[in-house]
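# Tertiary structure, described
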Amino acid sequence: MKVDVVLGLQWGDEGKGKIVDVLTPKYDVVARFQGGPNAGHSLEFGGNKYVLNTIPSGIFHEHCINIIGNGVVVDPVQLKKEIEKAETTGVDIRKNLYISEKAHVILPTHRLVDAASEAYKGVHKVGSTLRGISPTYQDKIGRSGLRIGDLISPNFKSKYDTAVSNHKKLLDSLNYEYNLADHEPAFYEAVEYLKQFKIVNTEYYVNHLISQGKKVLAEGAQGTLLDIDFGSYPFVTSSNTITGGACSGLGIAPQKINKVYGIFKAYCTRVGNGPFPTEQENETGELLRKLGHEFGATTGRPRRTGWLDLPTLKYAIMLNGVTDLICTKSDVLSGFETVEVCDSYDIGGTVTTELPFNMMDERIKPLYKSFAGWTGNLSAIKQYAELPETFKTYMDYVEQQIQVPVSMISVGPDREETIIK
Ligand code: IMP
């Protein structure tokens, strides 16, 4: 039995939560492998909207086992809030959620260090979600982090104190003012709370489930262009968001990976700073933001918006070994007279479809192909054949350029608003 992976091909916010929710009935297990509460996976069903940050998006399906893998960083305070909110729907989190004992813990001081570092960088800041992601992964790589398993060990307090004393030195060197007493009670409370959940060796567990023939879906967070190695460094997140991250973030061998679902929006968005070649800082961009409700699910920040960028999409498909493409938010483009797609860049007179080392190069000029737009409410459409001809021309072009079939098109936020092609 094999594991399928679902992940974002752009800068995050491709609509992964909804797609995982749609795919989940076919799977027995949904497992998160990287990132943490910087993610905001939105799911809508039955007229309600839920945002999940750390819990895998299969949680609302009663049959589904949900695993938070070793590659994830977990903030106990945030996770407690999330669990309590999800429980209001009646799902049994205690039964279906498994947390890796090897996942690293986001401490209150990690969040403070994140804020202090970003403030120190001033205009050069990454625009992080301020959830403590980078400092926690830094401690992991620096071999001084705390893991979920440590929370239930007798040495927890001494390990915690050592980490906090290091963070305090850092905060002082950055002249950052803070009051840890504002944060620690909630942290300790959440640590106690989490002890009632299944904290296990998830690499043994997930491999056991695979050998039993269970179908596993590995759920990515953020997007390929935010990957620590291949994203627009340094404007990236601190984990491997690509398919390879599913192996290291869950303990799954590479040959166990089967399908890779790559999700892309019909246009592009980005939150935070960093290069964005097709960005539209104009009325078109405003309209995309308004029609697409492009405001961060985690931070509420307005997202930057722009046209679909095929060089970055092809790069992401190559890195991830995408087998199935899923296009989301196609409905948002309805009403635009023309729809543009960037198919190459002109960099100082040289035309290329490859991403340069320096994505900040001011000479990068996107070259566009224009398509006639479409009108009408796509959300009500159930069959691919019923979509407007102009939309299909646009989609045919995209498929022909990227050489991977688009198997699903999302035309609205609800589970039901999904067309299988
Ligand atoms: P961090 O992951 O909070 O350190 O943020 C690093 C960069 O990744 C910033 O530009 C964030 O806006 C961006 N980012 C992090 N998580 C997400 C996400 O889930 N969706 C979109 N952007 C994200």
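Data block above holds the structure.
Described below are features of the structure shown in this document. Keep in mind that what you see is a predicted model, and the values were worked out from it rather than measured.

## Observations regarding unusual backbone geometry
Cis geometry marks the peptide bond from Tyr233 to Pro234; its omega dihedral reads 5°. Topologically, Pro234 is positioned in the loop between strand 10 (216-219) and helix 10 (243-250). Phi at Arg143 is positive, roughly 60°, even though this residue is not glycine. Note on placement: Arg143 falls in the loop between helix 5 (133-141) and helix 6 (148-151). Phi at Gln403 takes a positive value of approximately 60°, unusual for a residue other than glycine. Structurally, the position occupied by Gln403 is in the loop between helix 13 (389-402) and strand 19 (406-410). By relative accessible area, Gln403 is classed as exposed at 65%.

## As for the layout of surface pockets
In this model, the second largest pocket occupies a volume close to 300 Å³. Along the walls of the second largest pocket sit 18 residues, with Gly231, Ser232, Tyr233, Phe357 and Met359 positioned nearest its centre.

## Observations regarding helix 11 (residues 283-291)
Those residues of helix 11 that fall on the buried side of the exposure criterion are Gly285, Leu288 and Arg289. Projected down its long axis, helix 11 shows its buried positions confined to an angular sector of 100°, all on one face. Facing away from the buried side of helix 11 by over 90 degrees, the exposed positions are Glu283 and Lys290. For helix 11, the capping residue at the N-terminal end is Asn282, with a side-chain oxygen 3.0 Å from the backbone nitrogen of Thr284. One or two positions beyond helix 11, positive phi appears at His293, with a value near 50°.

## A few points about the side chain of Lys80
Structurally, Lys80 can be placed in helix 2 (residues 76-87). We classify Lys80 as buried; its relative accessible area is 15%. Sequence-distant contacts of Lys80, defined by excluding residues within four places in its chain, comprise Glu189, Ala190 and Tyr193.

So, how was this worked out
- Within each chain, residues carry numbers counting from 1 in the order of the written sequence.
- Local features in a predicted model are, by the rule used here, given only for residues with pLDDT of at least 70; side-chain atom pairs are given and counted only at 80 or more, and totals for whole chains, interfaces and linings are based on all residues.
- Side-chain calculation: all heavy atoms of the structure are included, whereas hydrogens and water are not.
- Elements are defined by DSSP. Helices are runs of H or I of four residues or more, strands are runs of E of two residues or more, and each kind is numbered from the N terminus.
- Relative accessibility under 20% of the residue-type maximum defines a buried residue, over 50% an exposed one, and the middle range a partly exposed one, all with a 1.4 Å probe and only protein chains included.
- Only protein atoms enter the calculation, which uses a 1 Å grid: trapped sets of points that fit a 1.4 Å probe without letting it out are cavities, open sets showing protein on both sides within 12 Å along at least five of seven lines are pockets, and any residue with an atom within 4 Å of a point is a lining residue.
- Grid points are joined across faces, edges and corners, and a volume is the space filled by probe spheres set on the points.
- In this description, one arc is meant: the one made by directions from the helix axis to the C-beta atoms.
- For this analysis, a polar contact is any N or O atom pair within 3.5 Å, provided that within protein one partner can donate a hydrogen and the other can accept it, and provided that sequence-adjacent residues contribute only side-chain to side-chain pairs.
- When checking whether two residues touch, look at their non-hydrogen atoms; a contact exists if any pair is within 4.5 Å.

Read these as layout, nothing more, since geometry by itself doesn't imply function.
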